[in-house]
Amino acid sequence: MEEPAPHSPVLLDEVLKGLNPQPGQRLIDGTIGAGGHAQAILKATAPNGQVLGLDADPSALDIARQRLAPYGDRISLVNANFVQLAAVARDYDFLPVQGILLDLGLSSMQLNAVERGFSFQSEGPLDMRYDPSGTSTAADLVNNLSQSDLADLLYQFGEERRSRAIARAIVAARPLHSTRELANLVSRAVGSRQKAKIHPATRTFQALRIAVNDELERLSKVLPKAVTLLSPGGRLAVISFHSLEDRTVKDFFKRESKDCICPPEQPICTCDHRATLHIITQKPVTASEQEISLNPRARSAKLRVAEYTES
Ligand SMILES: C[S@@+](CC[C@H](N)C(=O)[O-])C[C@H]1O[C@@H](n2cnc3c(N)ncnc32)[C@H](O)[C@@H]1O
């Protein structure tokens, strides 16, 4: 019998449909986490398909390693940020590939590990790094940024409308050390509106996590690299969990599916751009009510899939 998984992979059937892995194929999972998606891909590519799995967090790899041990040398696991995807694939002689999955953000294990500082619902240090050897923590940002830089960060990465009030309150109260301290401070600064669907600190925590892990910049960098690793007909599937990520993926897919990206008012094309992607999911795929009831994390998940076409 299989062990119960610590993290439920979201949109699992939809990811399999989108990537369409076949026996003997080679695929990359750039965010292996607890290995749920990877396990399904290994089953679909049996008996000799291969998966290369990356994660920035060494503790995620420990879990994936245990879970995927039965697949022997069909799975290779690497502690690396997915911006290094191309270099890792080259090092492992793992090119080209028929599919790449990026399941963005954090896992339930990371959220539930209080010492990682991702959750505003428990008392932990203000850390939020996926990679514990990363240079700056959430505490470094809240305690050292200027009030206006802090407000900009909360607005840009959290789409937090009360960013200025929160930044002012943070600067007045620092140094801050714990997640609870920050969550309580934000609640006081914005006041809790009874009708609000989310905790008042949700956007602040999202913004800090994105900044600590440079998430949007790394996503923008990995997408074009990922396309270069695909064989013709190979597919790139990305699951995002908030609008900033989804917009980045959507805009990239749209741009790379066009033969010309000149401004519309320009009469003659001068860009020489050629489409390299065919969009498979015209609209993002979202989770069914049934999946959401079993796994509330799936509520905000959006899957987009595109196929590499030779220009
Ligand atoms: C949502 S979880 C993935 C869950 C996985 N699909 C599963 O089925 O268990 C996201 C994982 O991606 C990792 N991660 C986030 N950003 C990353 C990045 N830029 N490079 C590598 N890993 C990253 C996190 O550490 C986390 O383990």
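Residues numbered from 1 in each chain as written. Predicted model: local features only at pLDDT ≥ 70, side-chain atom pairs only at ≥ 80, totals over all residues. Heavy atoms only, no water.

## Section: the overall build of the protein chain
- Along the backbone of the protein chain there are 13 helices and seven strands.
- Counting all 311 residues of the protein chain, 52% fall into the buried class.
- Averaging the coordinates of the 36 positive side-chain charges in the protein chain and doing the same for the 36 negative ones gives two points 7 Å apart. (Helix = DSSP H or I, 4+ residues; strand = E, 2+ residues; numbered from the N terminus. Buried < 20%, exposed > 50% of the residue type's maximum accessible area, 1.4 Å probe, protein only. Lys, Arg positive; Asp, Glu negative; His and termini not counted. Charge placed at Lys NZ, Arg CZ, Asp CG, Glu CD.)

## What to know about the environment of Pro175
- Along the chain, the position of Pro175 falls in the loop between α8 (163-173) and α9 (179-190).
- Pro175 gets classed as exposed once you look at its relative accessible area, which sits at 52%.
- Here the alpha-carbon distance between Pro175 and Val142, two residues 33 residues apart in the chain, equals 8.0 Å.

## Topic: the sheet that holds strand β6 (residues 277-279)
- Strand order in the open sheet formed by seven strands is β3-β2-β1-β4-β5-β7-β6, and the pairing between neighbours is mixed. The open sheet has two edge strands with one neighbour each: β3 (75-79) and β6. Neighbouring strand axes in the sheet, compared pairwise and without regard to direction, differ in orientation by 20 degrees on average.
- With three bridges joining them, β6 and strand β7 (residues 302-308) adopt antiparallel strand pairing. Among the inter-strand pairings, Leu277 is bridged to a residue of β7, identified as Tyr308.
- Contacting β2 (50-55) and β3, helix α3 (residues 58-68) runs over the sheet at an angle of about 170 degrees to β3.
- Across the sheet, helix α12 (residues 243-256) touches β5 (230-240), β6 and β7, and the angle it forms with β7 is around 20 degrees. (Pairing = 2+ DSSP bridges. Axes fitted to C-alpha atoms, helices over the stretch in contact; angles between N-to-C directions. Contact = heavy atoms within 4.5 Å.)

## Some remarks on the site of the ligand
- In the vicinity of the ligand there are 25 residues, among which His37, Asp55, Phe82, Asp103 and Gln110 approach most closely.
- Contact distances for the ligand include 2.7 Å between a nitrogen atom and a side-chain N or O atom of Asp103.
- About the coverage of the ligand: the protein hides 98% of its 610 Å² of free accessible area.
- For the ligand, the cavity whose grid points lie within 2 Å of the majority of its atoms is the second largest pocket. (Near = heavy atom within 4 Å. Polar contact = N/O pair within 3.5 Å; in protein donor to acceptor, adjacent residues only side chain to side chain. Areas by Shrake-Rupley, 256 points an atom, 1.4 Å probe, with all protein chains shown as cover. 1 Å grid on protein atoms, 1.4 Å probe; cavity = no way out; pocket = protein on both sides within 12 Å on 5 of 7 lines; lining within 4 Å. Sits in = over half its atoms within 2 Å of the grid points.)

## Some details on the environment of Ile210
- Mapped onto the fold, Ile210 is located in helix α10 (residues 202-212).
- Placed 105 residues apart in sequence, Ile210 and Gly105 show a C-alpha to C-alpha distance of 8.6 Å.

## Focus on α10
- With eight of its 11 residues buried, α10 lies for the most part within the structure.
- For α10, every residue scored as buried is listed here: Thr204, Phe205, Gln206, Ala207, Leu208, Arg209, Ile210 and Val212.
- Packing partners of the buried residues in α10 comprise α6 (138-144), α7 (147-158), α8, α9, α11 (215-229) and α12.
- One or two residues past the end of α10 sits Asp214, with phi positive at roughly 50 degrees.

## Examining the pattern of salt bridges
- For the structure shown, the criterion picks out 10 salt bridges.
- Where Arg209 meets Glu215, a salt bridge forms, and the shortest distance between an N and an O atom there is 3.0 Å.
- Assessed through its relative accessible area of 11%, Arg209 is described here as buried.
- Note that Glu307 is salt-bridged to Arg235, the shortest N-O span being 2.9 Å. Of this pair, Glu307 sits in strand β7 while Arg235 sits in strand β5, placing them 72 residues apart in sequence. No difference in accessibility class separates Glu307 from Arg235, as the two residues are buried. (Salt bridge = Lys/Arg side-chain N within 4 Å of Asp/Glu carboxyl O.)

## Topic: the layout of surface pockets
- In this structure, the largest pocket encloses a volume near 1100 Å³.
- Only α5 (108-112), α10 and α12 provide two or more residues apiece to the lining of the largest pocket.
- For the lining of the largest pocket, the leading source of residues is α10, giving five residues.
- Of the residues that constitute the lining of the largest pocket, the class distribution is 11 nonpolar, 14 polar and six charged.
- Reported here for the second largest pocket is a volume of approximately 720 Å³.
- Lining of the second largest pocket is provided by 44 residues; of these, Asp55, Ala56, Asn81, Gly105 and Tyr130 occupy positions nearest its centre. (Points joined across faces, edges and corners; volume = space filled by probe spheres on them. Nonpolar A, V, L, I, M, F, W, Y, C, P; charged D, E, K, R; others polar.)

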